Structures are given as C-alpha cells and as structure tokens.
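Here are the chains, one letter per residue:
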Amino acid sequence: MPSVLIVGGGLVGLTAALCLEHQGVDYVLVERNTEPTVLPRSRGMHTRAVEIFRQLGVEDAVQAASASALKMGRFGGARTGRSIAASQALDLSHVLATGAMVGADESPSAFCFCPQVLLEPVLRELAERRGGDIRFGTELTGFTQDADRVTATLKDRATGRTSTLGADYLLAADGAGSPVRTALGITSTTRPATHHYLNLYFRADLTELVRDRTFSQCEINGPEVSGLFLAKNNTDEWSFHLAYDPERESPADYPDDRCLALLRTAIGADDPGLHIELLARGAWDTGTAVADAYRRGRVLLAGDAAHRHAPWGGFGANTGIADVHNLAWKLAAVLRGQSPDTLLDTYEPERRPCGLLVAEQAWLRTDFLARYALRTPHNAEALDRQRGTGEIMTRYRYVSAAVHGAPAGDSVDVLAGQSGTRVPHLWLDRDGARLSTLDLCGPGFALLTGGDGAAGAAWARAVEALPVAVHPIVAGKPGSEPGAGVLHDAEGAWCDVVGLSPKGAVLVRPDGFVAARSDEGLTPDSLGRIWRSVTGR
C-alpha cells in the first residue's frame, strides 16, 4: 500500500511526486489522460518555483527545457492594436527596471520561461527515472476513507479494467473541475467571470511579422475580433485567446473555419498564402474559486483543485507548486511517526491565504494595461490594490502552529529571517564551492547559526537528540587551508541580513521557511521544546 495517492499528472501533481520522493515517501500517481495536453497554459516559472526545483535537484533540467522554448527574441514585452501587424509596443521600462513583473528578490535562482507543455514531460521523466510509480491512462472513479486509510477505485482507460488501491493519504491535484473536491462536497469562495475566452492554439510562421518586435502578450482590439495573443516561441507556435460574449454565443458557435478566419484577421498579415493550422482549443473564463477547505480527513487539495483563477500574472501553477512543497515534508513527518496527523492541519492556514491572494491579484490584472502597471482612469482602483510579484510569490508569511512566535501580516517587505518567511538567500563558500543559504534547507530541519564558537558548541549539543542539521556560518573569507565543510560568509553579512548576533540562530523547516529565531525564545535550552511544538509533538 503506497503512503500517498496523487490524483493528477499536471505540473502540480508531478511536482508533488518529486517532493515526496525527495522526502523518501512512496507514492502512486494516477492521471486519466495518456499524454499531457498540448494546449498551452502556464508559461513561466517564478523565482520561488525555480528555487523549489533547485532543492529537488531538477533546476538544471528545467532550465534546459526553458532554453529550447524560445526560437527567437525573448520572453517579455507587450503590444496592443487591431492586429499583430498593426500593433504598437507598450513602454514597460518603468516596470522592467524594478523587476516587478517577475520579482526582484535575492535568490540563487531566476524566473524561467518554460511552457507547461515542455515542462510536464521533463518532470514526468525525472519522476519515473527516480523510481516513481506513475500511471498515465488511469482514472480515479471513486474513493472512500476511514480513520486508517483512503481506498480508491481506479480504471485503466485502455482496457476498462478496474482495481482498488489503498493509501494513507490522497493528494488531489486533479484540476479546476476537481472530481475529488466535488465528491467531498467542499464549497468555494468565488467571484463571477468578467470575460470568456476560447484558447486557440495554432501553428503559423509569423517569424518575419514579429522580427525585432517579439512579445509576451499582444492585445487585439478590433471591430471584427478581440482577444489576446500569447507567444509560445515567437516564431511558429502561438495561442490566441478569443473573447466571446456568453450572453449571445457559446464555444459551439465557433467552428474551426470561423476560428481560422478570425485568427487571420487578428494576425493582420498581408500574405494570403499564410498557412494557419489549428492544433487545439479550449474554453475558459476569468471567474475565481478558492476552496473553503484544503483538507477533509485523509484527502488534501492542491493546485487548481484548491484555487482557480485567471492566468494573469502567471500565479496559478506556481502557487500549486508551492502548495505541494509545503505539504510534502508534513506528510513525510506524519508518515515517519515524527509528528501526529494534526501537523497536516497547518497546511490550510498556511496555503489558503496564498490561494485567496493570488485569486484576488489575478482578478485585479484583468485589465490588460493594469497587468503592466500602466494607469488609466478605468483601472486606477485595481492598480492601487495590486501587489508586486515578489511579494505575492516569495515574500508571503505563514501563520500556523508550525511557526513559533507571533508573525504580523501576510507578507514582508524584505526577507530577513522573520519567523514564517522563506529564509533569506546569501551566497556562502564551502571548500571552494559556492552555495546558497537555501541549499542548506531540507530534506529535514536545519539550524543556521551565526558562527560564534562557544555558542556553536551549545547549539550542537542541543540538537544531538533531534533530527536537525546544524550549519554554523562563519564570517570572513576562507584561509589558505579552510576547515573541511566550514561555511564561510565572505562579506560577513549573515548576521546583519537576519538581524541576529553571532550567537543567534534560525531554525528552518524542510521547505525553507523559518520556524523560529533566537530573539523569539529560541535558545539551546529551548530548541527541543520549540522543535516539538512546530512539528506537532
């Protein structure tokens, strides 16, 4: 019997598989489709998601996939007009200078343009190579749960055969329509849709049309057609999100020939021989829904199953990746017997506020110009309520029983080792190799100390009976013969960054978030008690 049954083989489900493998937890992943969808959806991985991939040891593979994504130009820029040919570039210098679009927080990683259709196969291959039990073409048709386990009914879609599978927990990453969430009767906090679109994924060689004027998004506002182009590779693969009015029409009123004619108008190319091949299509709207509960017994929701919203800002998949990263170490601790099942109750209070935030922030970016921080009389109110991408994706703050102290607010202006926040990044040197403070985190707890010798000995004695790794950070450059394994902070900045003395320390959870710090009661004498508190023991 596997420990965890993952339902859904998209970005979130596959990342959950890698997170559980990193924690040494066995799992089975089932996905009803035999292959990933070809319809482009998520295109960019924000910095925090790439940091998670870094911890999982897959960042290089993700960046390699990203390098193959763009055939020309770069990811960035926006245009608007009656067609691509007649569009004008928007001046985004004020946005790009501040890094507001992708977040400018210090990190060992960086924003990565990698469309979901390229990234999913990479994650699947890595999970299978690491021994994961990945079953595409297998559908969850029903499940029950009791005090001890979840029992799932599975159907092989190729043969029609059914089987049952028991697991300690079920992680539902089965998308916005989530049959698992529906079966549990979990309600959602919603906002109605303001716009309805057909996502038309097509192939057409527009290389010359967009040469020296590539874009990420191009808004089309014309008398015959309106919508939004999203670049996939800025040459021959594109998505056009065709706006339609559900009061007058439905997706069924748009057969392929009509869609092709509208695409030709929206492109605006003079070449009558331009060949356009419609590859896939799907309907969606800008309504939002955040589940009112992220847990029901032994079943937990993540990704779109927990929070659905428009793609503006690129928050969806990135938030789902953070969901399962938060959850994996908690499941591992419970399954190993290090923590009681109640540790899983901290998942919802930590992650649901993030789901509510991204749903709201995507909603506030519905206006195209507001999405790029360009103010008009029509979007001023929404623009004033927007938060920066770094604050939304990286500088959020957890408040739960798995955090010691009394955090204030749901985010911070600067990552400085505050309890409930992602530990700040700082480059260190160990035996001539450069590594980040984030590289010291996971798969277990870590204690990052200020390097004071006497205090360090006390911290080391305090963790002898605990599954906590101690990492003294010594100020100054390495000498000619540095001690093996010593972490050197060449600029002596660590204590200033976290606002602690060399005798201080921060206790960091496996997901890289600060569980406690020494100016909030963490001492060698209290370390064991605080560790037991944040792990639910």
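This write-up is about the structure you can find in this document. (Residues numbered from 1 in each chain as written. Predicted model: local features only at pLDDT ≥ 70, side-chain atom pairs only at ≥ 80, totals over all residues. Heavy atoms only, no water.)

### Quick notes on the overall build of the chain
Scanning the chain from N- to C-terminus turns up 16 helices and 28 strands. Its C-alpha atoms give the chain a radius of gyration of 24 Å, within 12% of the compact-globule value 24 Å for 537 residues. In terms of overall dimensions, the chain has C-alpha extents of about 80 × 55 × 40 Å along its principal axes. Within the span of the chain, comprising 537 residues, buried residues form 55% of the whole. (Helix = DSSP H or I, 4+ residues; strand = E, 2+ residues; numbered from the N terminus. Rg over C-alpha atoms; globule rule 2.2 N^0.38 Å. Buried < 20%, exposed > 50% of the residue type's maximum accessible area, 1.4 Å probe, protein only.)

### Structural notes on helix 3 (residues 59-67)
Along helix 3, the residues that are buried comprise Glu59, Val62, Ala65 and Ser66. For helix 3, the angular spread of the buried residues around the axis is 125°, confining them to a single face. Seen from the buried face of helix 3, the exposed residues on the opposite side, beyond 90 degrees, are Asp60 and Ala67. The secondary structure elements touched by the buried residues of helix 3 are helix 2 (47-55), strand 6 (112-113) and helix 5 (116-129). (Arc of directions from axis to C-beta. Contact = heavy atoms within 4.5 Å.)

### Things to note about the sheet that holds strand 5 (residues 88-89)
With mixed pairing, seven strands are arranged side by side in an open sheet as 5-4-14-15-16-13-17. For this open sheet the edge positions go to strand 5 and strand 17 (277-285), each flanked by a neighbour on one side alone. Across two bridges, the pairing between strand 4 (residues 78-81) and strand 5 is antiparallel. Residue pairing for strand 5: Arg79 is matched across the bridge by Ala89. Those strands touched by helix 8 (residues 256-267) are strand 13 (196-203), strand 14 (217-221), strand 15 (226-231), strand 16 (237-244) and strand 17, and its axis lies near 90° from that of strand 17. (Pairing = 2+ DSSP bridges. Axes fitted to C-alpha atoms, helices over the stretch in contact; angles between N-to-C directions.)

### Some points on the side chain of Glu391
Take Glu391: it is sitting in helix 13 (residues 389-393). Side chain to side chain, Glu391 and Arg387 meet in a polar contact 3.2 Å long. At 2.8 Å, the side chain of Glu391 and the side chain of Ser411 are in polar contact. Residues contacting Glu391, with those up to four places away along its chain left out, are Tyr396 and Ser411. (Polar contact = N/O pair within 3.5 Å; in protein donor to acceptor, adjacent residues only side chain to side chain.)

### Quick notes on the packing of helix 2 against helix 3
Each packed pair of helices is defined by two parameters, the angle between the axes and the distance between the axes. At a minimum axis separation of 7 Å, helix 2 and helix 3 run at an interaxial angle of 130°. Judged by the angle between their axes, helix 2 and helix 3 are oblique. Each of Val50, Phe53 and Arg54 in helix 2 lies in contact with helix 3, whose residues at this interface are Glu59, Val62 and Gln63. Here the residues of the contact of helix 2 with helix 3 are counted per class, giving three nonpolar, one polar and two charged. (Parallel < 35°, antiparallel > 145°, perpendicular 65-115°, else oblique. Nonpolar A, V, L, I, M, F, W, Y, C, P; charged D, E, K, R; others polar.)

### Here we look at the sheet that holds strand 10 (residues 162-167)
Spatially, three strands are ordered 8-9-10 in an open sheet, and the strand pairing comes out antiparallel. Taken across any chain shown, the strands that pair with only one partner, and hence form the sheet edges, are strand 8 (138-145) and strand 10. For this sheet the average axis-to-axis angle between neighbouring strands, irrespective of direction, equals 25°.

### Describing the pattern of salt bridges
Enumeration according to the criterion identifies 30 salt bridges in this entry. Residue Arg130 is joined to Glu21 by a salt bridge in which the shortest nitrogen-to-oxygen separation is 3.5 Å. Here Arg130 is found in the loop between helix 5 and strand 7 (133-136), whereas its partner Glu21 is found in helix 1 (residues 11-22), with 109 residues between them in sequence. Look at Arg130 and you get partly exposed, because its relative accessible area is 32%. (Salt bridge = Lys/Arg side-chain N within 4 Å of Asp/Glu carboxyl O.)

### With respect to the state of the cysteines
Applying the stated criterion across every chain, the model contains zero disulfides. Unpaired in terms of disulfides, Cys354 finds its nearest cysteine sulfur in Cys19, a separation of 15 Å. (Disulfide = S-S within 2.5 Å.)

### Let's talk about the environment of Phe202
Turning to its location among the elements, Phe202 is positioned in strand 13. Each C-alpha atom, one on Phe202 and one on Lys232, is 10 Å from the other, the two residues being 30 residues apart in sequence.

### Comments concerning the pairing of strand 14
The element strand 14 is largely enclosed, with a buried count of four among its five residues. Strand direction decides the pairing type here: strand 4 and strand 14, joined by four bridges, are parallel. Along strand 14, the bridge assignment pairs Gly81 with Ile220. One ladder, built from five bridges, connects strand 14 with strand 15; its direction is antiparallel. Residue pairing for strand 15: Asn221 is matched across the bridge by Ser226. Here strand 14 folds back onto strand 15, and the loop between the two strands holds four residues.

### Re the nonpolar core
One finds Met45, Leu170 and Leu507 to be the most contacted residues of the largest nonpolar core, which totals 97 residues. In terms of residue count, helix 9 (residues 316-335) provides more of this core than any other element does, eleven residues in total. With residues up to four places along the chain from it excluded, the contact list for Leu170 reads Leu5, Val7, Leu140, Phe143, Val150, Val180, Arg298, Val299 and Leu300. (Core = buried A, V, L, I, M, F, W, Y, C linked by side-chain atoms within 4.5 Å.)

### Quick notes on the packing of helix 1 against helix 5
Two numbers describe how helix 1 lies on helix 5: the axes approach to 9 Å, and their chain directions differ by 25°. Between helix 1 and helix 5, the crossing angle belongs to the class labelled roughly parallel. Considering the relative orientation of helix 1 and helix 5, their crossing is left-handed. Where helix 1 abuts helix 5, its residues Leu11, Leu14, Thr15, Ala17 and Leu18 lie against Gln116, Leu119, Glu120, Leu123, Arg124, Leu126 and Ala127. Residue composition of the contact of helix 1 with helix 5, by class: eight nonpolar, two polar and two charged. (Left-handed = near helix turned anticlockwise from the far one by under 90°.)

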